[in-house]
Amino acid sequence: MTSPLRIALIGAGVMGRQHLQHLRQLPEAQLCAIADPGPQAGDFAAQCGVAHFAEYRRMLAEVRPEAVIVANPNALHVATALDCLAAGVPVLLEKPVGVHLDEVRELVAASRASGVPILVGHHRRHNPLIARARELIEAGALGRLTTVTALWQLRKPDSYYDIPWRREAGAGMLLTNLIHDLDLLRHLCGEVRQVQAFTSNGVRGFANEDSAAILLQFAGGALGSLTGSDAVAAPWSWELDSGENPDYPRQAEQPCYLLAGTAGALSIPQLKRWHYAEAGAGWHEPLLQVQEPCAAGEALRRQLQHFVEVARGQAAPLVSAEDAGRTLALVEAIRQAAESGRACAPQII
Ligand SMILES: NC(=O)c1ccc[n+]([C@@H]2O[C@H](COP(=O)([O-])OP(=O)(O)OC[C@H]3O[C@@H](n4cnc5c(N)ncnc54)[C@H](O)[C@@H]3O)[C@@H](O)[C@H]2O)c1
């Protein structure tokens, strides 16, 4: 029998600890060390029964983990992942893959040159209901995808912003949250040709945006909109609607993505599908509704299981650094469109 993969955690904050909850239940992997310079990290590592390092490079040299999960602040992602690649250690890198496209290009090149894989933590793609939605779209259940309506509207408690890096450049709602929705839209609807956007920081008043309205033109011809705000008392977001994370009280009836095509429509996460009984029918005929079977799964747990396979060379990453780089390029295009007032195309990675 193969022994459990020895995984170290770099960055034991909110997200790092969530990964550990799933890691503990995974027979094919085990935690071997924690690297985090924060004041609570030593005690936390002791509770987990593993060695603690304030400096991750020392951890890489002394513990020689077989894989690492990197969940430190966004601006450190690329530099940390590059050090892990240099040590020959496969990385599960939290999103965003980086904060600038140039650094992501360097990371993509380093991963290619070293042959050491990176899986980026766009974990929603691992949710079975997203896999099912993609299957339906690819099988033509919606006909020609024509319009896409995406919503990310909720309220973060004010205390969320007590952690300074979350208020600073390199964080922000677009890069921290809407990036997940944009990644799923790319995954489900294909690449985006160009965007137009408005952003506002009018509610919270921080340097970063608290609200955004984005128009998307997909390469396949579909047109879409994504409206987002983390400062509204509203129920429309993947977090509240999908039931993926029990920390968010669920609004099970509310959709966050509505996809419509010439032959049908789909609401996500409900996976309700609408269509007419006969091709060519229109608004005077009854629109039929089908409930597609599929339960929400533990996306983070499935992502970790996949990461073990990636680290062992048994699978290619579902979300590579290059793929995640395209999602980051889309975020950058949106930021540029909001600043310039013009339509912008995502850069090529
Ligand atoms: N996939 C998701 O849904 C999701 C959700 C939340 C956060 N995230 C991502 O996870 C990352 C962490 O976010 P968070 O909310 O857990 O933040 P956090 O502030 O709670 O945790 C960050 C941790 O990194 C540590 N750290 C700082 N510098 C470090 C260094 N040089 N080496 C090692 N550790 C260091 C901090 O001490 C802290 O413990 C971010 O990139 C964020 O975008 C992803």
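In what follows, the structure referred to is the one given above.
Criteria and cut-off values
Each chain has its residues counted from 1, running along the sequence as written. Selection of residues for local features in this predicted model requires a pLDDT of at least 70, selection of side-chain atom pairs for listing and counting requires 80 or more, and totals for whole chains, interfaces and linings are taken over all residues. Each side-chain value is derived from all of the structure's non-hydrogen atoms; neither hydrogens nor water enter the calculation. Here a strand is any run of E in DSSP of at least two residues, a helix any run of H or I of at least four, and the numbering for each starts at the N terminus. Note on exposure labels: buried denotes an accessible area under 20% of the residue type's maximum, exposed denotes more than 50%, and partly exposed covers the range between, all computed with a 1.4 Å probe on protein chains only. Here, any two strands with at least 2 DSSP bridges between them count as paired. Fitted lines through C-alpha atoms serve as axes, helices being fitted only where they are in contact, and the angles separating the N-to-C directions of these axes extend from 0 to 180 degrees. When at least one non-hydrogen atom of a residue lies within 4 Å of a molecule or strand, that residue is treated as near it. As used in this structure description, the phrase polar contact means that two N or O atoms lie within 3.5 Å; if the pair is within protein, one of them must be able to donate a hydrogen and the other to accept it, and residues adjacent in sequence are counted only when both atoms belong to side chains. For the accessible areas, the method is Shrake-Rupley and the probe is 1.4 Å, while residue cover comes only from the protein chains on display. Three classes are used, and their members are as follows: Ala, Val, Leu, Ile, Met, Phe, Trp, Tyr, Cys and Pro are nonpolar, Asp, Glu, Lys and Arg are charged, and the others, Gly among them, are polar. Throughout the structure description, domain borders are defined by an automatic or database domain assignment. Any pair of Phe, Tyr and Trp rings, taking the six-membered ring for Trp, is counted once the centres come within 6.5 Å. Such a pair is stacked with planes under 30 degrees apart, edge-to-face with planes over 60 apart, and tilted for the rest. For a Lys NZ or an Arg CZ to count as sitting over a ring, it must be within 6 Å of the ring centre and within 35 degrees of the ring normal.

Trainee: Outline the environment of A81, listing residues and values.
Mentor: Tracing the chain through its elements places A81 in helix 4 (residues 77-86). Take A81: its relative accessible area is 0%, and that puts it in the buried class.

Trainee: Explain the sheet that holds strand 5 (residues 91-93) to me, using residue names and the numbers behind them.
Mentor: Taken together, 6 strands build an open sheet; the order of strands is 3-2-1-4-5-6 and the sheet is parallel. The sheet is open, and its two borders are formed by strand 3 (51-53) and strand 6 (118-120), each paired with just one other strand. Each adjacent strand pair in this sheet contributes to an overall mean axis angle of 25°, direction not counted. Taken together, the 4 bridges between strand 1 (residues 5-10) and strand 4 (residues 67-70) define a ladder with parallel strand orientation.

Trainee: Could you give an account of the site of the ligand, with specific residues and numbers?
Mentor: Contacts to the ligand come from 25 residues, most closely from M15, D36, N74, H77 and R166. A distance of 2.8 Å separates an oxygen atom of the ligand from a polar atom in the side chain of R166. If the ligand stood free it would expose 850 Å²; the protein chains cover 81% of that surface. Per-class residue counts for the shell around the ligand are 12 nonpolar, 9 polar and 4 charged. When we break the shell around the ligand down by domain, the ones giving at least three residues each are domain 1 (5-123 + 300-318) and domain 2 (125-296 + 329-340).

Trainee: Mind laying out the packing of aromatic side chains, listing which residues take part and the relevant values?
Mentor: Counted by the stated rule, this structure contains 3 aromatic pairs. Measuring from ring centre to ring centre gives 5.1 Å for Y161 and F206, while their planes differ by 50°; the resulting arrangement is tilted. You can see Y161 sitting in the loop between strand 7 (145-155) and helix 7 (173-189) and its partner F206 sitting in the loop between strand 8 (192-200) and strand 9 (211-218), a full 45 residues away along the chain. Its relative accessible area of 27% is what places F206 among the partly exposed residues. Through pairs of rings, three or more aromatic residues link up here, namely Y160, Y161 and F206. If you follow R17 out to its NZ or CZ, it ends over the ring of F44, 3.9 Å from the centre. Positioned above the aromatic ring of Y160 is the side chain of R166, whose terminal nitrogen or guanidinium carbon lies 4.1 Å from the ring centre.

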